[in-house]
2 protein chains.
Amino acid sequence: MKYLLYYWPEIQGRGEFVRLALEEGGADYVDVARLSEEEGGGVPAMMRFMEDAGRPPFAPPFLVAGRQAIAQTANILLFLGPRLGLVPRDAAGKLWVHQLQLTLADLVVEAHDTHHPLGPTFYYEDQEREAKRRTRAFIAERIPKFLDYFERVIERNPGRGPWMVGSAVTYADLSMAQVIAGLRFAFPNATRKALARRPRLAKLHDAVFARPRIRRYADSGRRIPFNNDGLFRRYRELGG
Amino acid sequence: MKYLLYYWPEIQGRGEFVRLALEEGGADYVDVARLSEEEGGGVPAMMRFMEDAGRPPFAPPFLVAGRQAIAQTANILLFLGPRLGLVPRDAAGKLWVHQLQLTLADLVVEAHDTHHPLGPTFYYEDQEREAKRRTRAFIAERIPKFLDYFERVIERNPGRGPWMVGSAVTYADLSMAQVIAGLRFAFPNATRKALARRPRLAKLHDAVFARPRIRRYADSGRRIPFNNDGLFRRYRELGG
């Protein structure tokens with residue numbers, strides 16, 4: 001099956017969690033909004049699709065698979081998981097992977113809100129003072145709480161290898177590694193210190209980015225670098 | 001099957017989305033943390049379970065079904081949906097209901113953040129000024145954007161009746177009605193005006209709370225009233 005991914009073409013953002021799964025699964029896909037408008041791509045094609053769909057997405061990313069259009073990052077991964085061999089076979093294992101993904105989604109919202117505590121309506125520049133306070137609390141309390149949790153998940157996993165669930169990589173592992181990469185970009189010092197005390201997470205991150213297909217993707221130039229329009233942003237004045 | 005629900009005993013919060021599904025589905029369940037400690041309930045029992053589980057929840061609510069413990073509100077509903085007859089039979093329909101639930105979860109986070117823009121680390125009293133700014137933007141821009149979206153979903157649903165998906169109530173409809181009830185409690189004037197212009201959502205809300213099992217639940221006294229410890233809070237100084 002050929003997949004069409006629709007997402008903002010200039011950021012990793014939430015789309016990157018889907019891209020990593022598609023890459024690791026060796027899927028045949030087109031990143032539609034990154035094509036030119038002449039090729040039927042670009043942001044206008046994405047907005048048109050959202051406007052016209054019978055079951056409209058609220059926001060990108062969304063994935064088109066045949067006649068189905070699926071939105072919400074975690075929901076797209078729920079759909080792709082079994083198709084790309086990125087979840088356990090049993091129903092309980094699938095739900096557990098999804099649960100971890102939703103907990104990562106909560107962490108991602110909080111990481112985003114460090115630079116947008118007053119919400120998406122105001123520019124960063126209009127909430128910088130509030131962003132400083134929220135960032136301090138995020139680094140002091142929330143990063144440790146979330147990372148302790150995921151470290152414990154790996155520790156309690158009876159499977160072999162560096163993964164969170166069983167003995168094979170899942171989409172939640174790919175997303176976990178991506179979140180760690182994002183935290184490193186946004187808060188390099190704080191994240192280095194946090195990972196030094198959580199060796200299992202550091203190992204999971206390295207194992208994901210050492211996988212042949214993920215490495216080939218990163219080396220291809222197709223992986224958009226982190227930047228200050230995405231979820232994870234590096235503002236020196238916020239600290240970390 | 002007998003279900004055990006674990007959630008904070010004094011608020012509706014995220015647990016209420018699960019309670020409404022269990023009630024509408026006529027499920028046999030125990031709300032464990034609302035039992036006394038002598039009966040094996042209370043918050044200590046909940047915390048103990050979270051600490052000891054092999055696949056630990058990050059936070060309440062979580063549901064125990066046989067040997068499985070499932071956390072994350074949307075994930076619990078994903079599990080319960082087919083068991084309680086609250087989703088369509090086809091896989092695409094199930095994913096669509098889940099997608100709506102995840103979009104509602106995004107709205108719920110933003111509704112919560114009106115009173116906690118600087119995050120869960122600070123008390124409301126320490127972020128009241130910021131809460132005012134975020135609430136103004138939430139009412140002016142975010143409530144309309146989300147409610148327009150869900151109104152359109154109902155409008156484009158080819159099924160009969162007031163629902164978002166097909167011709168029968170789903171867990172996403174129950175959650176939609178609960179979100180509307182929460183917005184009404186937190187921002188009564190703004191929500192009244194918003195609903196006057198979105199008649200399909202007003203009708204969906206009324207249809208859910210008129211269902212016999214939901215009405216019986218509300219009338220039983222078991223439904224905890226909204227209060228200012230939950231997700232949706234009424235602070236007059238924030239407006240709305």
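Residues numbered from 1 in each chain as written. Chains lettered and ligands numbered in written order. Predicted model: local features only at pLDDT ≥ 70, side-chain atom pairs only at ≥ 80, totals over all residues.

## Points about the packing of helix H1 (residues 15-24) of chain B against helix H9 (residues 212-219) of chain B
Residue and element names in this part refer to chain B. Relative orientation of the contacting elements H1 and H9 amounts to 120 degrees, with a least axis distance of 8 Å. Relative to H9, the element H1 is oriented oblique. When you trace H1 past H9, the crossing you get is right-handed. Where H1 approaches H9, its residues Leu20, Glu23 and Glu24 are matched on the opposing element by Arg213, Ile214 and Tyr217. Residues of the contact of H1 with H9, tallied by class, amount to three nonpolar, no polar and three charged. (Axes fitted to C-alpha atoms, helices over the stretch in contact; angles between N-to-C directions. Helix = DSSP H or I, 4+ residues; strand = E, 2+ residues; numbered from the N terminus. Parallel < 35°, antiparallel > 145°, perpendicular 65-115°, else oblique. Left-handed = near helix turned anticlockwise from the far one by under 90°. Contact = placed C-beta atoms within 7 Å. Nonpolar A, V, L, I, M, F, W, Y, C, P; charged D, E, K, R; others polar.)

## Topic: the confidence of the model for chain A
Within chain A, residue pLDDT values average 97, and 100% of them lie at 70 or more. Reported confidence for the predicted complex is 0.97 by ipTM and 0.98 by pTM. (pLDDT = per-residue confidence, 0-100.)

## Let's talk about the relation of the copies chain A and chain B
You can overlay chain A on chain B at an RMSD of 0.0 Å; the transform is a turn of 180 degrees with a shift of 0.0 Å along its axis. What the rotation and shift describe, once combined, is the action of a two-fold rotation axis. Closest to the rotation axis within chain A is the C-alpha of A:Pro117, separated from it by 2.6 Å. Most of the interface of chain A is mirrored in chain B: 100% of its interface residues are interface residues there too. (Least-squares fit on C-alpha atoms with pLDDT ≥ 70 in both.)

## Focus on the pairing of strand S1 (residues 2-6) of chain A
The side chains of a regular strand alternate, first on one face of the sheet and then on the other. All names here are of chain A. As paired elements, S1 and strand S2 (residues 28-31) share four bridges and run parallel to each other. By the bridge assignment, leucine 5 is partnered in S2 with aspartate 31. In the classification by handedness, the crossover that spans S1, the intervening helix H1 (residues 15-24) and the parallel S2 is right-handed. (Pairing = 2+ DSSP bridges. Right-handed = clockwise from strand over helix to strand, strands pointing away.)

## Things to note about the pairing of strand S1 (residues 2-6) of chain B
Both S1(B) and strand S3 (residues 62-65) of chain B contribute to a ladder of four bridges, which runs antiparallel. For B:Tyr3, the partnering residue across the bridge sits in S3(B) and is B:Ala65.

## What to know about the domain arrangement of chain A
Residues and elements named next belong to chain A. The assigned domain composition of chain A is domain 1 (2-83) and domain 2 (91-211). Look at where the C-alpha atoms of domain 1 and domain 2 centre, and you get two points 23 Å apart. Contacts between the two partners involve ten residues from domain 1 and, on the opposite side, twelve residues from domain 2. Taken together, the residues of the side of domain 1 that touches domain 2 sort by class into six nonpolar, two polar and two charged. (Domains from an automatic or database assignment.)

## Regarding the environment of A:Gly161
Residue and element names in this part refer to chain A. Along the polypeptide, glycine 161 turns up in the loop between helix H5 (128-156) and helix H6 (171-186). Residue classification places glycine 161 among the partly exposed positions, given that 14 C-beta atoms sit within 10 Å. Sequence separation between glycine 161 and arginine 197 is 36 residues, and the spatial gap between their C-alpha atoms is 19 Å. (Buried ≥ 20, exposed ≤ 12 C-beta atoms within 10 Å, placed from the backbone.)

## A closer look at the sheet that holds strand S3 (residues 62-65) of chain A
In any sheet, the strands associate via hydrogen bonds between backbone groups, in a parallel or an antiparallel arrangement. Residues and elements named next belong to chain A. Spatially, the four strands line up as an open sheet ordered S2-S1-S3-S4, and their pairing is mixed. Each edge of the open sheet carries a strand with a single partner, namely S2 and strand S4 (68-71). Strand-to-strand twist in this sheet, taken as the mean axis angle between neighbours without regard to direction, amounts to 25 degrees. Pairing geometry for S3 and S4, over four bridges, is antiparallel. Residue pairing for S4: leucine 63 is matched across the bridge by isoleucine 70. Those strands touched by H1 are S1, S2 and S3, and its axis lies near 160 degrees from that of S1.

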